[in-house]
Amino acid sequence: MTKYEITDTDRELIRRALLVLEKNFDDGVYNHTVGCALLTRGGSIYTGVNCDGIHGSCAEYITVGAAISAGERELDTIVAVHDKAHNFVLSPCGNCRQMLFEYCPDIKVILNDGEGNLIKVAARDLLPFAWTPVIC
Ligand SMILES: [Zn+2]
């Protein structure tokens, strides 16, 4: 697995994820606990928060959906962060790993290695032997 260097651009992306979470953390009705920021290869940044509900949706889904809806197809880097009280970078859940693999297997994902270090790896490396559509 290739690990990419965390750059100043990555730190800005983390800051943007924290910012969107802070803006939407507790709006009096919903309590959003995860923020996400996505950088496209063209330099645009999209952000989102998780949506609660019966089925809910992860912040990564919301953010990738916003980028795709805007016509973006070349996705570069994504990061999700936990609530402002904890202020740390999350690792994507299994469902999001599959979605990232299907939409953009080469997108770089910034995550916490579980030992307090930030790392950046390609989505395809987060889901070995991923399910792929069968084309008949
Ligand atoms: Zn998820």
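No experiment lies behind these values; they were computed from the predicted model shown. (Residues numbered from 1 in each chain as written. Predicted model: local features only at pLDDT ≥ 70, side-chain atom pairs only at ≥ 80, totals over all residues. Heavy atoms only, no water.)

### Describing the overall build of the protein chain
- Across its full length, the protein chain carries three helices and five strands.
- Ordered by position from the N terminus, the helices and strands of the protein chain form the series α-β-β-α-β-α-β-β.
- Here the C-alpha atoms of the protein chain give a radius of gyration of 14 Å, agreeing with the 14 Å that 2.2 N^0.38 yields for 136 residues.
- Considered along the principal axes of its C-alpha atoms, the protein chain spans approximately 50 × 35 × 30 Å.
- For the protein chain, with 136 residues in total, the buried portion stands at 41%.
- Long-range contacts, defined as pairs at least 24 residues apart, comprise 56% of the intrachain contacts of the protein chain with a sequence gap of at least 6.
- Taken as a whole, the protein chain presents about 7700 Å² of accessible surface, with 51% of it coming from carbon and sulfur. (Helix = DSSP H or I, 4+ residues; strand = E, 2+ residues; numbered from the N terminus. Rg over C-alpha atoms; globule rule 2.2 N^0.38 Å. Buried < 20%, exposed > 50% of the residue type's maximum accessible area, 1.4 Å probe, protein only. Contact = heavy atoms within 4.5 Å. Areas by Shrake-Rupley, 256 points an atom, 1.4 Å probe, with all protein chains shown as cover.)

### A short note on the packing of aromatic side chains
- A full pass over the atoms with the stated rule returns zero aromatic pairs.
- The lysine or arginine in question, K108, covers the ring of Y4, its NZ or CZ lying 4.8 Å from the ring centre. (Phe/Tyr/Trp six-rings, centres within 6.5 Å; stacked < 30°, edge-to-face > 60°. Lys NZ or Arg CZ within 6 Å of the ring centre and 35° of its normal.)

### Some points on empty space enclosed by the protein
- Counted according to the given criterion, the structure contains one cavity of 30 Å³ or more.
- Considering only enclosed or pocket space, the largest cavity measures out at about 30 Å³ in volume.
- In terms of lining residues, the largest cavity is bounded by E60, I78, V79, A80, L90, P92, L100, V109 and I110.
- Looking at the lining of the largest cavity, the elements with two or more residues in it are β3 (75-81) and β4 (108-112).
- Per element, the largest residue contribution to the lining of the largest cavity is three residues, and it comes from β3.
- Tallied by class, residues from the lining of the largest cavity come to eight nonpolar, no polar and one charged. (1 Å grid on protein atoms, 1.4 Å probe; cavity = no way out; pocket = protein on both sides within 12 Å on 5 of 7 lines; lining within 4 Å. Points joined across faces, edges and corners; volume = space filled by probe spheres on them. Nonpolar A, V, L, I, M, F, W, Y, C, P; charged D, E, K, R; others polar.)

### As for the coordination of the zinc ion
- Donor atoms from the polypeptide that coordinate the zinc ion comprise C58 (SG), C93 (SG) and C96 (SG), at 2.2 to 2.3 Å from the metal.
- Donor residues binding the zinc ion come from one chain and are separated in sequence as C-x34-C-x2-C.
- A relative accessible area of 0% means that C96 is categorised as buried. (Donors = N, O, S within 2.8 Å, 3.2 Å for Na, K, Ca; no water.)

### Some points on the packing of helix α2 (residues 59-69) against helix α3 (residues 94-103)
- One can describe the packing of α2 onto α3 by two numbers: an axis separation of 10 Å at closest approach and a directional angle of 20°. Viewed along their axes, α2 and α3 adopt a mutual orientation that is roughly parallel. The two elements α2 and α3 cross, and the hand of that crossing is left-handed. Across the interface between the two elements, E60, Y61, V64 and I68 from α2 touch N95, C96, M99, L100 and Y103 from α3.
- Along the lines of polarity and charge, the residues of the contact of α2 with α3 split into seven nonpolar, one polar and one charged. (Axes fitted to C-alpha atoms, helices over the stretch in contact; angles between N-to-C directions. Parallel < 35°, antiparallel > 145°, perpendicular 65-115°, else oblique. Left-handed = near helix turned anticlockwise from the far one by under 90°.)

### Regarding the side chain of D10
- Structurally, D10 is set in helix α1 (residues 8-24).
- Classification of D10 by relative accessible area gives buried; the value is 2%.
- The contact partners of D10, leaving out residues within four places of it in the chain, are E5, T77, I110 and K120.

### Section: α1
- With 17 residues, α1 should reach 24 Å at 1.5 Å per residue; the first-to-last C-alpha distance of 25 Å fits that figure.
- Residues of α1 that are buried include every one of D10, L13, I14, A17, V20 and L21, and no others. The arc that holds the buried residues of α1, viewed along the axis, is 125°, so those residues lie on one side. Summarising the geometry of α1, the exposed residues directed more than 90 degrees from the buried face are D8, E22 and K23.
- Of the residues that open α1, the one with a side-chain oxygen 3.3 Å from the backbone nitrogen of T9 is T7. (Expected span 1.5 Å × (residues − 1). Arc of directions from axis to C-beta. Polar contact = N/O pair within 3.5 Å; in protein donor to acceptor, adjacent residues only side chain to side chain.)

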